[in-house]
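# Overview (structure and organization)
Letter by letter, the chains look like this.
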Amino acid sequence: MKKTVLGELEELVLLVVAASTEEVYGVPVMEELQRQTGRSFTVSAVHTTLYRLEEKGFLSSSVGGATAERGGRRKRLFALTAAGGRVLLEIQQMRNQLWQSIPEGKFDLLGL
Amino acid sequence: MSKQPNPNEPPYAGSPTPRWADRLLEWFVAPHLLEYVQGDLQEVFYKRVEQVGLTRARREYGWAVLHCLTPFFHKSLSKHPQPALTDMLRNYVKIAFRNLAKNKGYSFINIAGLAMGMAVTMLIGLWIYDELSFNQYHKNYETIAQVRRLYTDPNIQKTDGTDAMQLPMGTALKRNYQHYFKHTLMAWWVGEYTLSTEDKKMPKKGEFIEAGALEMLSLNMLKGNYASLTELHSIVLSKSASEAIFGQEDPINKRLKIDNRIEVTVTGVYEDIPRNNRFGEVQFFSPWDLWVASNDWIKQTENDWGNSSFPIYVQLQPTISLETANARINDFYQKSTPKDMAGRAAKYKYAVFLYPMNEWHLYSELKNGRPAGGRITFVWLFGIVGLFVLLLACINFMNLSTARSEKRAKEIGVRKAIGSLKNQLVQQFLSESFLVVMLSFVVSMVLISIALPWFNQVADKELSLPVERPLFWLFNLVFITVTAFLAGAYPAFYLSAFQPVKVLKGPSSPGTFRLGRFAALPRKILVVVQFVVSIVLIIGTIVVYKQIQFAQDRPVGYNREGLITIPKNDPKYAGKLDVLRSELLNTGMVAGMELSSSPLTAVRNNMGGFNWKGKDPEIADDFALTDVSYGFGQVVGWQLIAGRDFSKAFTTDSTKMIINESAANYLGLKNPIGEFITFYDGKTSRQIIGVVKDMVRTSPYEPQKRAFFFLDANYAAASQIAIKIKPTVSATEALPKIEAVFKKVVPSAAFDYKFVDEEYAKKFSNEERISKLASFFATLAIFISCLGLFGLASFIAEQRTKEIGVRKVLGASVLNLWGLLSKDFVFLIVIALGIAIPTAWYFLTGWLQNYTYRTEISWWIFAVSGLGALLVTLLTVSFQSIKAALINPVKSLRSE
């Protein structure tokens, strides 16, 4: 697979899905995102990202059950794929490398 | 996907999400995404209702829905295609192409016929557009008008009009009516002048008009400005004229002479006015005041209400409507002129009206002094013809499609049996006709670009395809759509209405499905309509041609051969004319040179107020006047029928006159020779010494005006030099010699000659144009009809192959079979003739009423066109029927 670049929101959404114990659909993802970042997201933005991640092969989806508060509509449930896990790991590795290359004491100098 | 009623609906069921938002969402979002997005949105909505209340939740919901209006949610993924539409369309096109390829002959007929029809319609469309946009180059064309006057002869109660006004009228209009008119411009008639520099002489058409003209006509000034005509000795040239005279040099402040007597300085250059404008022929403008200053006789008419010679143009004030201005100006003569003029105006019921610029071209014919039709008739006529030609082509298409339907009936049956809806079949056939129309359109574009130069020449236009204008393409799109529907609608609905059971069971022979007796009826009607149109056009062409021939065969009254005229427009001619004549005669090429006050092909001067013995006081007393020099009669070869010509042997001939035949009849004198005609002053009189045959000088379709010829021995009124080249010498040989003489005797004059026979031929140009166009359309109509007939005949022959085979086996001869197959078509043509002949007779009689000298519509015209149509039909049909009759019956029956 060719190198895929993930946007910030894509990475966050992928992480949220990875963090949940079972399959999730749009609303919980959106709420979790809000809780973690303190920013608000629209349903359309979350959906767009989810589908895009699915298209890239990082998520898989299945149709889930309907509930009353959805007006009887079914959910589309997303789960992390192996490729999705791999890309998260790659990102983490890359970040770790970058962290390690920060010269020692730099943050101290900045007073952090 | 729509909202289902749900038994477990939450307690907020009565306060649902905003309806508009759901509608919008359902309409916009792709179906495969809708359910999940809408579900999530609603889930959030109900949570928010609990948290922040209904109103706010609703607002947020709407807002969230609006966020979904992105291309992402709208797109239909190729992974999840919407199969119905594109696949079916692709299939339709494929089937259409296969059908075209399978029946190459029919396809050719269809596409060629339709393309030709479309090409003609588009050509006519271009022509009509050009006609309708006449004079619209001028931005103010809606507010520009020319002043005209109506007058009623109190004796005969006949109203007539003129656009020649008096000089003081311009002054009065400017003084008393200035709040109605933004510009009131005196002008002279557009005329041909010679512009000369030191080393160049060039004939150019020009207009002397007041300075406001440049602004009124909204000319595009390339050099100078709208004030460029304010100086007395100024001239503004068109770009082409400037380039012709000065080349690429800057013409500003260069000096020119008009007719070698008026000195002018170039003060401006304007972009050429396109040809489809009244002033399109004008190549320079010069100030009116300069023309007045250069012509003593005009200066003398400054306060003369008796001399009407000048056009007056006005532009309305922006706030004034034409009606208001007309109402106000109507009684101009009664109100704003001196007493004696007002009295005359009351007696002759003078009425002034404005002739607006947008009627100058299309309504150029005047009846009783008022505009009444003109080119607009042709715009309508050609518009109708264009539509008819297109209709013929569409009829062909319908005819062939429905005729071939028997072949496709099975396909339709199968399609229906496996579940095609009628709607889908309609779509299929419409997309087929779209395909054919698109192909035809491409072909027609090619045809137009080939035919346009020829068409321009015939129609005397400068048309081009405006390919750079988006409007043109938009129009084409509409045109294609309309044509496709016109041509495809009937077959589409007709074919899709077949009942599959009937079609597939096949009551007669297997393979073909016989349509009922009456199924052929509409087809026959269509063929009849086509031939009615074609035959009417054939008859029309013959009649127009015959009318032109009739007028051309009319005795002209003089001899045009080898006759050339040159305007005598240079003051240096004075006193040199006799020298010129003798020099010309010395060349040995010239039989004679004489002078007249009007060219032979026009009447420039009319005069009234004559009186004679036994004159009925009620009848009009105006005559066409021409002053001629000694020997003019011999040079032009007029034919004396009584009396004698002017002669130097009689010294008193300057008080004598010659009249034409019409005048002799009009005077009502038994023997006019020797009678005296008294002038309007009651004192002067002239004696008639000769009568000549009428010379055709104005319209060859009208009776010639009663005319007097006066002797002009010292060339005082002469304006035209007529030269007769010896019949033994060719013009190409003689002209250089003649020119050399002119150059020697009057070097400053331009040698701008015209052949009289060419000038005379121009009188027919309008009718010849109609004749050419009519024959062009008739040929096309016949061609298109024949294509249709050919297709139909070949189809019917093909259908009856088996019948023909059986008949042949039973002993029918080829002739029998040919008769059998042709009979039906001949019958149709006879019906078409029955309709076409009265129609053509009606319209052509009406057309001929326009001409006083007109040909008759004789029976042989109908006979010839009827026989012609029959012959063409038989030829077309025979090709197919003989082919069918010659087929070996073994071949046609073997498959049984």
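Bear in mind that the values here come from a model prediction, so they are computed numbers and not experimental data. (Residues numbered from 1 in each chain as written. Chains lettered and ligands numbered in written order. Predicted model: local features only at pLDDT ≥ 70, side-chain atom pairs only at ≥ 80, totals over all residues. Heavy atoms only, no water.)

Check the secondary structure of chain A and you find five helices and two strands. Along chain A, helices (α) and strands (β) appear in the sequence α-α-α-β-β-α-α when read from the amino end. Computed over its C-alpha atoms, the radius of gyration of chain A comes to 17 Å, more than 25% above the 13 Å expected for a compact globule of 112 residues. Over its C-alpha atoms, taken along the principal directions, chain A stretches across nearly 60 × 35 × 25 Å. The buried share among the 112 residues of chain A stands at 35%. About 6700 Å² of surface is accessible on chain A, with carbon and sulfur atoms providing 54% of the total. For chain A, the distance from the average position of its 14 positive side-chain charges to the average position of its 13 negative side-chain charges is 7 Å. (Helix = DSSP H or I, 4+ residues; strand = E, 2+ residues; numbered from the N terminus. Rg over C-alpha atoms; globule rule 2.2 N^0.38 Å. Buried < 20%, exposed > 50% of the residue type's maximum accessible area, 1.4 Å probe, protein only. Areas by Shrake-Rupley, 256 points an atom, 1.4 Å probe, with all protein chains shown as cover. Lys, Arg positive; Asp, Glu negative; His and termini not counted. Charge placed at Lys NZ, Arg CZ, Asp CG, Glu CD.)

With that out of the way, let us pick up empty space enclosed by the protein. Residue and element names in this part refer to chain B. Under the criterion given, the structure shown has seven cavities of 30 Å³ or more. In this structure, the second largest cavity spans a volume of roughly 70 Å³. Contributing to the lining of the second largest cavity are Val603, Ala624, Asn660, Lys693, Asp694, Met695, Arg697, Gln704, Lys705, Ala707 and Phe709. (1 Å grid on protein atoms, 1.4 Å probe; cavity = no way out; pocket = protein on both sides within 12 Å on 5 of 7 lines; lining within 4 Å. Points joined across faces, edges and corners; volume = space filled by probe spheres on them.)

This paragraph deals with the environment of Ile689 of chain B. All names here are of chain B. You can see Ile689 is positioned in strand β25 (residues 685–692). Take Ile689: its relative accessible area is 7%, and that puts it in the buried class. With 475 residues separating them in the primary sequence, Ile689 and Leu214 have C-alpha atoms 51 Å apart. The residues contacting Ile689, other than those within four sequence positions of it, are Ala642, Gly643, Arg644, Asp645, Phe646, Asp653, Lys656, Met657, Ile658 and Ile673. (Contact = heavy atoms within 4.5 Å.)

The next subject is helix α22 (residues 577–586) of chain B. All names here are of chain B. Where α22 is concerned, the buried positions are Leu577, Leu580, Arg581 and Leu584. Projection of α22 onto a plane perpendicular to its axis shows the buried side chains occupying an angular sector of 100°, all on one side. Gly588 occupies a position one or two residues after α22 and carries a positive phi of about 80°. (Arc of directions from axis to C-beta.)

With that out of the way, let us pick up the interface of chain A and chain B. Contact residues are listed per partner, giving 23 residues for chain A and 23 residues for chain B. Carbon and sulfur atoms make up 57% of the area that chain A and chain B hide from each other, which totals about 2200 Å². Broken down residue by residue, the surface that chain A buries against chain B is led by Tyr51, Glu69 and Arg73 of chain A, which jointly contribute 27%. Counting across the interface, chain A meets chain B through two salt bridges. Put simply, Glu35 of chain B and Arg74 of chain A hold a salt bridge, and the shortest N to O gap is 3.0 Å. Summed over the shared surface of chain A and chain B, the number is ten residue pairs in polar contact (both at pLDDT 80 or more). For the side of chain A that touches chain B, the secondary-structure elements that each account for two or more residues are α2 (26–37), α3 (43–56) and β2 (74–80) of chain A. The biggest single contributor to the side of chain A that touches chain B is α3 of chain A, with seven residues. Residue composition of the side of chain A that touches chain B, by class: seven nonpolar, seven polar and nine charged. (Buried area = accessible area lost by both parts, 1.4 Å probe. Salt bridge = Lys/Arg side-chain N within 4 Å of Asp/Glu carboxyl O. Polar contact = N/O pair within 3.5 Å; in protein donor to acceptor, adjacent residues only side chain to side chain. Nonpolar A, V, L, I, M, F, W, Y, C, P; charged D, E, K, R; others polar.)

What follows concerns the domain arrangement of chain B. According to the domain assignment, chain B contains domain 1 (11–74), domain 2 (144–360), domain 3 (563–758) and domain 4 (759–896). Centre-to-centre, using C-alpha coordinates, domain 1 of chain B lies 69 Å away from domain 4 of chain B. (Domains from an automatic or database assignment.)

Turning next to the UniProt feature "domain: Transcription regulator PadR N-terminal" (unreviewed entry) in chain A. UniProt records the feature "domain: Transcription regulator PadR N-terminal" (unreviewed entry) at residues 15–88 of chain A, using the numbering of this structure. Along residues 15–88 of chain A, the helical share is 51% and the strand share 20%, with 8 Å between the first and last C-alpha atoms. (UniProt positions renumbered as here; feature names shortened; annotations may be inferred.)

Here, UniProt's "domain: ABC3 transporter permease C-terminal" (unreviewed entry) annotation points to residues 384–499 and 776–889 of chain B. This span, residues 776–889 of chain B, is 85% helix and 0% strand, and a straight line between its end C-alpha atoms measures 43 Å.

What follows deals with the packing of helix α6 (residues 104–132) of chain B against helix α27 (residues 765–799) of chain B. All names here are of chain B. It is at 10 Å that the axes of α6 and α27 come closest, and there the two elements cross at 160°. With respect to each other, α6 and α27 are oriented roughly antiparallel. With respect to the hand of their crossing, α6 and α27 are arranged in left-handed fashion. Within the contact between the two elements, α6 uses Tyr106, Ile109, Gly113, Met116, Gly117, Val120 and Ile124 and α27 uses Phe777, Leu780, Phe783, Ile784, Leu787, Phe790, Gly791, Ser794, Phe795 and Glu798. Across the contact of α6 with α27, the residue classes break down as twelve nonpolar, four polar and one charged. (Axes fitted to C-alpha atoms, helices over the stretch in contact; angles between N-to-C directions. Parallel < 35°, antiparallel > 145°, perpendicular 65-115°, else oblique. Left-handed = near helix turned anticlockwise from the far one by under 90°.)

Take the confidence of the model for chain A next. For chain A, mean pLDDT is 86; residues scoring 70 or higher make up 96% of the total. When mean pLDDT is taken per element in chain A, helix α4 (residues 82–100) of chain A scores highest with 91 and helix α5 (residues 106–109) of chain A scores lowest with 83. (pLDDT = per-residue confidence, 0-100.)

Residues and elements named next belong to chain B. In total, this model carries 54 aromatic pairs over all chains according to the counting rule given. With 6.1 Å between their ring centres and 50° between their planes, Phe378 and Phe382 make a pair best called tilted. With a gap of four residues between them, Phe378 and Phe382 both fall in helix α16 (residues 375–403), about one helical turn apart. On the basis of relative accessible area, Phe378 is assigned to the partly exposed category, the value being 23%. For the pair Trp847 and Tyr851, a centre-to-centre distance of 5.2 Å together with 75° between the ring planes defines the contact as edge-to-face. (Phe/Tyr/Trp six-rings, centres within 6.5 Å; stacked < 30°, edge-to-face > 60°.)

With that out of the way, let us pick up the nonpolar core. Residues and elements named next belong to chain B. Judged by nonpolar contacts, the single largest core of 57 residues is most densely connected at Ile535, Ile539, Tyr558, Leu600, Val636, Trp638 and Phe709. At twelve residues, the largest contribution of residues to this core is made by helix α21 (residues 520–552). Here this core spans two domains, since at least three of its residues come from each of domain 3 (563–758) and domain 4 (759–896). When neighbours within four sequence positions are excluded, Trp638 is seen to be in contact with Gly557, Tyr558, Val628, Phe632, Gly633, Asp645, Ile658, Val692, Met695 and Phe709. (Core = buried A, V, L, I, M, F, W, Y, C linked by side-chain atoms within 4.5 Å.)

Turning to the pairing of β2 of chain A, a few remarks are in order. Residue and element names in this part refer to chain A. Within β2, five of the seven residues are buried, leaving the element largely enclosed by the surrounding structure. Pairing of strand β1 (residues 59–66) with β2, which is carried by six bridges, proceeds in the antiparallel orientation. Within β2, the residue paired with Ser60 across the bridge is Ala79. (Pairing = 2+ DSSP bridges.)

Bringing the pattern of salt bridges into the picture now. Under the definition given, this model contains 29 salt bridges over all chains. Salt-bridge contacts for Glu8 of chain A lead to Arg39 of chain A; the nearest nitrogen and oxygen are separated by 3.2 Å. In this pair, Glu8 of chain A sits in helix α1 (residues 8–19) while Arg39 of chain A sits in the loop between α2 and α3, placing the two residues 31 residues apart along the sequence. Connected through shared salt-bridge partners, Glu31 of chain A together with Glu43 and Lys47 of chain B make up one network.

The next thing to look at is the pairing of strand β11 (residues 284–287) of chain B. Residue and element names in this part refer to chain B. Covered by surrounding structure in β11 are Phe284 and Ser286 together with Phe285 and Pro287, the residues of both alternating faces. Pairing geometry for strand β6 (residues 201–209) and β11, over four bridges, is parallel. Across the sheet, Ile209 pairs through a bridge with Pro287, a residue of β11. In the sheet, strand β8 (residues 234–238) pairs with β11 via two bridges, with the strands oriented antiparallel. Counterpart to Leu237 in the pairing with β11 is Phe284.

Right, let's get into the side chain of Asp712 of chain B. Residues and elements named next belong to chain B. With respect to the helices and strands, the residue Asp712 is situated in the loop between β26 (707–711) and β27 (720–725). As a buried residue without a salt bridge, Asp712 has its nearest oppositely charged side chain in Lys568, at a separation of 8.0 Å. Contacts of Asp712, omitting those with residues within four sequence positions, involve Asp627, Val628, Ser629, Ala717 and Ala718.

All names here are of chain B. Residues with a pLDDT of 70 or more make up 94% of chain B, whose mean pLDDT is 83. Note on residues 1–13: pLDDT is under 50 here. Beyond four places in sequence and across chains, it has 15 contacts. A low-confidence stretch, residues 507–514 (pLDDT under 50), is modelled with ten contacts involving residues beyond four sequence positions or located in other chains.

Turning our attention to the environment of Val579 of chain B. Residue placement: Val579 of chain B occurs in helix α22. In the structure, Val579 of chain B is positioned 166 residues away from Val745 of chain B in sequence and 7.6 Å away in space, judged by C-alpha atoms.

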